[in-house]
Amino acid sequence: MCGIVGYVGDKSAVDILIDGLSHLEYRGYDSSGVALMTKNEINIFKAPGKLLNLIQTLRNEPKEKIDSNMGIGHIRWATHGLPTMVNAHPHCCNCGGLTLVHNGIIENYKEIKETLIQKGCEFKSQTDTEVAAHLIATEYGKCHDLKEAVSNATKQLRGAWAFCVMHKNEPFNIVATRKNAPLIVGVGDGENFLASDIPAIIKYTKKAIYLNDDQIVKVTKDKITIYNPDGTLANNKIEYLPFEPMALSKMGYKHFMLKEIHEQPDVVRNILQDKLKNEIDKIVLDDIKLNCEQLKNINRIQIIACGTSLHAGLVGKYVIEELTGIPVDVEPSSEYIYRTTIADEKTLVIGISQSGETADTITAIKQVREKGSHVVIITNRKESLLARLSDSLLHVNAGIEVSVAATKSYIAQLLSLYLFAIYTAETLNINSDKVREIKHELMTLPAKLEGVLANTSKIKEIAKKYSSYKNFIFIARGINYPTALEGALKLKEISYINATGYPAGELKHGPIAMLDETMPVLAVLNRGRVYDKVMSNCEEAYARQAKLIGVANYIDEKHQNLFDDYVLIPDISDMVSPALNIVILQLLAYHIAEYLGKDVDQPRNLAKSVTVE
Ligand code: F6R
């Protein structure tokens, strides 16, 4: 998490840095700050809280203090130290000659800090980052070259970082480096940029260079020089950036989240148009590098992901097992890393990540690569670090997702998993009837999604009615169990209401003790394999006087009285229903949070890219 930017050129650095940071706010919003190089002086401005506070601070500063053509900026998601002014970046050494911004975690910061204190360094903050500022300054004292100093200092660090560093003795260049955290160099004309992510610079340039781990870059307004870890010159290629600035507009919606929910029919339509043209022809997934022989050799699949992507993976398990018969395990990346895992060249590993930056998933995928497993990455960011670690890639192509709560990327991940399952079954030449049925259902999905989104009044009414409840239980079974988990997660993260998802059959094994009239139970029911079973679980909840909300494609007359409220969705097969049901739960969470006046797009304590383990 955290976002960093850098600018060197002829324009006003502060304007470009602030604009860049405004497009990185999804990475954190605990504090922000900029450091500006002005006539061999470095001026630092910081503010706790959202970027708006920094903008206000800068408005009160005299022009000569912010008049600068070179600077670095930071937006923070707090890991070490409270989200206060003193912990806000940029941090500097004691003399103020060197300043830097950092994204990542320095794991051995305590040891280094002790040594630096013995050498006379005085620390002001509780951050791990300040250690890097003192350490690089100490190294600079020995070699008087910022690039050398950064190189020598980072060799002593453990952890993850992207740094942008300035020294007042080198007023025409920024030095930057990265390891296990993102950083791109934006290539301009008479100006150059650094940023954690594309949205920060896309307005100014469409050309960028991606840095490898431990490479160091020296950026002046006319020149970009990249060094390999051994000091030799590197020759990274310039790539063309994929985003249009339009994607960053709310297009009239009150929040990005609502806009992104409403984009879902088009997201699905685009994916299908691209890859699934009809029910008869075999689908083609160009970037899946697995042929029939290789797929026959696979005896298990492991899906690794976090949060919402993990929930998509859970749906994927049902679909892949149903269509291919290959056993699938799904596990949070953070759990996968620190235990003995059984994976080999007969294991296919699927990593799912919207951002392609999630540290836990990156670490897990790096581990399985060493075991010889074929790695498929499903991501919305085809230029991301995770994508670069893949043997096969499924770009979900949902377009940039700004709201911290994932919505359209979830549905796009589901679609990618359906397509992968179909691809595998078709390549293995098995289950053709099931494949045809699922293809047919997928092709009806965009219109059904549009139907649901065109009529949201009932959902808004339910949201208002239930917004004062403090706890919720979401239940479902089978392939919609992950829908219950995801619906509960959406509600928790944007409204801060305690919501838990359970397999409906588990209710009676403990959670039922919590049920009374203060605990609404939301049940997802889809006419199919487990419909009657979930309905029985609803009866059990009703008998305990819980308020019951149904999300269903069918409720027969004799059961309607069980429900205090229900939303009916278009008829859809069990297998594809998670992609439709989730939209109701996203909207419910959205309208509850909106009704409660919460910060929907930037909920407290969260960040869109979780780049720390
Ligand atoms: C919830 C949400 C998170 C992410 C999780 C993994 O709305 O967005 O739970 O799903 O942090 O992120 P990615 O998919 O980028 O690896």
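What this report covers is the structure whose coordinates are included nearby. This structure is a prediction, so every number in the text was calculated from the model and none was measured.

1. Things to note about the pairing of strand 10 (residues 192–195)
On a regular strand, each side chain points to the face opposite its neighbour's, so the side chains alternate between the two faces of the sheet.
Inference 1: Of the two faces of strand 10, both are covered, the one formed by Asn192 and Leu194 as well as the one formed by Phe193 and Ala195.
Inference 2: Relative to strand 10, strand 1 (residues 3–8) is paired through four bridges, and the arrangement is antiparallel. Among the inter-strand pairings, valine 8 is bridged to a residue of strand 10, identified as asparagine 192.
Inference 3: Counting the residues between successive antiparallel strands, the hairpin from strand 9 (residues 184–187) to strand 10 contains four residues, one of them, glycine 190, with a positive phi of roughly 75 degrees.

2. Quick look at the environment of serine 577
Inference 1: Inspection of the secondary structure puts serine 577 in the loop between strand 24 (565–568) and helix 20 (578–595).
Inference 2: With 136 residues separating them in the primary sequence, serine 577 and glutamate 441 have C-alpha atoms 9.2 Å apart.
Inference 3: Residues contacting serine 577, with those up to four places away along its chain left out, are Ile479, Asn480, Asn526 and Ile572.
Inference 4: Within the structure, the side chain of serine 577 is placed 2.7 Å from the backbone oxygen of aspartate 574, a separation counted as a polar contact.

3. With respect to the packing of helix 10 (residues 307–324) against helix 17 (residues 481–495)
Inference 1: Here helix 10 crosses helix 17 at 170 degrees, and the two axes come no closer than 9 Å. Overall, the two elements helix 10 and helix 17 adopt an arrangement that is roughly antiparallel. Side by side, helix 10 and helix 17 meet where Gly307, Thr308, His311, Leu314, Val315 and Tyr318 of the first sit next to Tyr481, Pro482, Leu485, Glu486, Leu489 and Lys490 of the second.
Inference 2: Its residues placed into classes, the contact of helix 10 with helix 17 shows seven nonpolar, three polar and two charged.

4. Considerations on the pattern of salt bridges
Inference 1: By the definition in use, this model includes 37 salt bridges.
Inference 2: Where lysine 203 meets aspartate 19, a salt bridge forms, and the shortest distance between an N and an O atom there is 3.1 Å. Of this pair, lysine 203 sits in the loop between strand 10 and strand 11 (207–210) while aspartate 19 sits in helix 1 (residues 13–22), placing them 184 residues apart in sequence.
Inference 3: Note that arginine 381 and glutamate 383 form a salt bridge whose closest N and O atoms lie 2.8 Å from each other. Both residues of the pair, arginine 381 and glutamate 383, count as buried.
Inference 4: What you see here is one network of salt bridges that share partners, running through Lys458, Glu461, Lys465 and Asp565.

5. Describing the site of the ligand
Inference 1: The immediate surroundings of the ligand are formed by 14 residues, with Ser309, Ser353, Ser355, Thr358 and Glu493 found nearest.
Inference 2: Within the side chain of serine 353, one N or O atom sits 2.6 Å away from an oxygen atom of the ligand.
Inference 3: Here the ligand has 410 Å² of accessible area as a free molecule, and 90% of this is covered by the chains.
Inference 4: Ranked by residues supplied to the shell around the ligand, first place goes to helix 10 with three residues.
Inference 5: Broken down by class, the residue content of the shell around the ligand amounts to five nonpolar, seven polar and two charged.

6. Some words on the sheet that holds strand 6 (residues 98–106)
Within a beta sheet, neighbouring strands are joined by backbone hydrogen bonds and run either parallel or antiparallel to one another.
Inference 1: Pairing is antiparallel in the open sheet, where six strands are placed in the order 5-6-7-8-12-13. The strands lining the two open edges of the sheet, one partner per strand, are strand 5 (91–92) and strand 13 (224–227).
Inference 2: Note that strand 8 (residues 174–179) and strand 12 (residues 216–219) share four bridges and pair antiparallel. Bridge assignment links isoleucine 174 to a residue of strand 12, and that residue is valine 219.
Inference 3: Along the sheet, helix 6 (residues 146–154) contacts strand 6, strand 7 (159–167), strand 8, strand 12 and strand 13; its crossing angle with strand 7, the most-contacted strand, is approximately 160 degrees.

Definitions and cut-offs
- Per-chain numbering applies: the sequence of each chain, read as written, is numbered from 1 onward.
- Residues qualify for local features only when their pLDDT is at least 70, as the model is predicted, and side-chain atom pairs are given and counted only at 80 or more; totals for whole chains, interfaces and linings, by contrast, use all residues.
- To get the side-chain values, all heavy atoms of the structure are used, and hydrogens and water are removed first.
- A simple rule labels every residue: compare its accessible area, found with a 1.4 Å probe on the protein chains alone, to the largest value its type can have, and call it buried under 20%, exposed over 50%, or partly exposed in between.
- Strands are runs of DSSP state E lasting at least 2 residues, helices are runs of H or I lasting at least 4, and numbering of each runs from the N terminus.
- Two strands pair if DSSP finds at least two bridges between them.
- Working rule for contacts: check all heavy atoms of both residues, and any pair within 4.5 Å makes them a contact.
- As used in this structure description, the phrase polar contact means that two N or O atoms lie within 3.5 Å; if the pair is within protein, one of them must be able to donate a hydrogen and the other to accept it, and residues adjacent in sequence are counted only when both atoms belong to side chains.
- Axes here refer to lines fitted to C-alpha atoms; in helices the fit is confined to the stretch in contact. Angles between the N-to-C directions go from 0 to 180 degrees.
- Oblique is the label for any angle not under 35 degrees, not over 145, and not in the 65 to 115 range, which are roughly parallel, roughly antiparallel and roughly perpendicular in turn.
- Gly is placed with the polar residues, together with every amino acid not listed as nonpolar (Ala, Val, Leu, Ile, Met, Phe, Trp, Tyr, Cys and Pro) or charged (Asp, Glu, Lys and Arg).
- By definition here, a salt bridge exists when the distance from a side-chain nitrogen of Lys or Arg to a carboxyl oxygen of Asp or Glu is within 4 Å.
- A molecule or strand has a residue near it when one of that residue's heavy atoms lies within 4 Å.
- Here the Shrake-Rupley method, with its probe set to 1.4 Å, supplies the accessible areas, and only the displayed protein chains count as covering residues.

Limitation: the analysis is restricted to geometry and does not speak to function.
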